[in-house]
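Secondary and tertiary structure notes
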Amino acid sequence: MRTIFLADAHLKGPAAPGYKKCLEFFAGLHGAGTFPGSERVKGNKIDLIVIAGDFFDFWFERKGRIYPKFQPIVKNIARLKDEGVRICLCEGNHDFFLSDYFTRSLGIEVYPEALELSIDELRVFVSHGDTVDRENRRYLALRRVFRSSFTYRLQRMVPLSLLFAVARASSGLSRGMTVSAQERIVAKMRLFAEEKFREGFDAVILGHSHAEILGQEQNGGEKRTFATLGDWITRYTYLVCENGRFSLEHFGKREE
């Protein structure tokens, strides 16, 4: 089984960093099963792709209408599903209320918080990771407001074109995470992963921090894997699990 994990593309449009690379990456992926034309496809075949949040820098949908510049990447995601790839989307702190479109229109799995997977007999926990720091109560409270039914109903009343315009003007703030802030959240994530290992998980995979980390250690004869997925702004990183083994990969040339 071949699984790919990625997060934090913060897609806005063709002018944004990583958009072209992300589109190229998805266009090159194909299902591992049989589908029309599959006999002509070589390489880059996958069984499962997990997007661990903040794939989009903002998300609004209305009666099947989405931000037009997201259409190319969404079409590739839908194509992969049609080719038999299982696709799981974790919501992030930038993209939520995803199920209206991805689940109801495309039949793709959406997880507001986290998901548990069984991959090659490994028990794997995946989440965006923005709720790992339970001491940041201000953020957690704000997060609950943004994801509340009241906010959902309110944004459904605003014209879609206005929502797109506001989102374009206010998005893209996550790129400026300081080194100290990144180190702090990664430290919290390591402690969180230790808790999950004690619960019996073999791997904990998180986004949000924009750090690229793959740590593996033996514990009583069992391997434990902790990974943070980097981003598709400057790093273009993704995690691969194949035959029970994890590797952290880069797509194309990284920006320094």
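This text goes with the structure placed above it.
So, on to the sheet that holds strand β10 (residues 122–127). Taken in spatial order, the five strands of this open sheet run β9-β10-β11-β13-β12, and their pairing is mixed. The open sheet has two free edges, formed respectively by β9 (114–119) and β12 (212–219), since each of these has just one partner strand. Taken pair by pair, the neighbouring strands of this sheet meet at an average axis angle of 15°, ignoring direction. Bridge count for β12 against strand β13 (residues 222–229) is eight bridges, and the pairing is antiparallel. Looking across to β13, one finds that Q216 is bridged to T225.

Right, let's talk about the nonpolar core for a bit. Core analysis: the largest hydrophobic core is formed by 40 residues, its most contacted members being L6, F26, F55 and F102. Mapped by element, the contributors of at least two residues to this core are β1 (2–6), α1 (19–27), β4 (48–52), α2 (71–82), β7 (86–90), α3 (99–102), α6 (160–170) and β14 (237–242). Every residue in contact with L6, bar those within four places of it in the chain, is listed here: F25, F26, I49, V50, I51, A52, F55, L229, W232, T237 and Y238. Core analysis: the next-biggest nonpolar cluster, separate from the first, contains 20 residues, A52, I119, L122 and I205 among them.

Across the five residues of β7, four count as buried, placing the element largely inside the fold. Relative to β7, β4 runs parallel, the two sharing five bridges. In the sheet register, L48 faces β7, and the bridge partner there is R86. Across three bridges, the pairing between β7 and strand β8 (residues 109–111) is parallel. Across the sheet, residue C90 finds its bridge partner in β8, namely Y111.

Next up on the list: the pattern of salt bridges. A side chain with one charge may pair with a side chain of the opposite charge, provided their charged atoms come close. One pass over the structure, following the stated rule, counts 18 salt bridges. Salt-bridge contacts for R2 lead to E242; the nearest nitrogen and oxygen are separated by 3.5 Å. With a gap of 240 residues between them, R2 in strand β1 and E242 in strand β14 connect regions that are remote in the sequence. Notably, a salt bridge pairs E222 with R224, separated by 2.8 Å at the nearest N-O pair. According to the relative accessible area criterion, R224 is buried, its value standing at 9%. Each of E61, D100, R104 and R156 takes part in salt bridges that share partners, so that together they form one network.

Thresholds applied
Residues numbered from 1 in each chain as written. Predicted model: local features only at pLDDT ≥ 70, side-chain atom pairs only at ≥ 80, totals over all residues. Heavy atoms only, no water. Pairing = 2+ DSSP bridges. Helix = DSSP H or I, 4+ residues; strand = E, 2+ residues; numbered from the N terminus. Axes fitted to C-alpha atoms, helices over the stretch in contact; angles between N-to-C directions. Core = buried A, V, L, I, M, F, W, Y, C linked by side-chain atoms within 4.5 Å. Buried < 20%, exposed > 50% of the residue type's maximum accessible area, 1.4 Å probe, protein only. Contact = heavy atoms within 4.5 Å. Salt bridge = Lys/Arg side-chain N within 4 Å of Asp/Glu carboxyl O.

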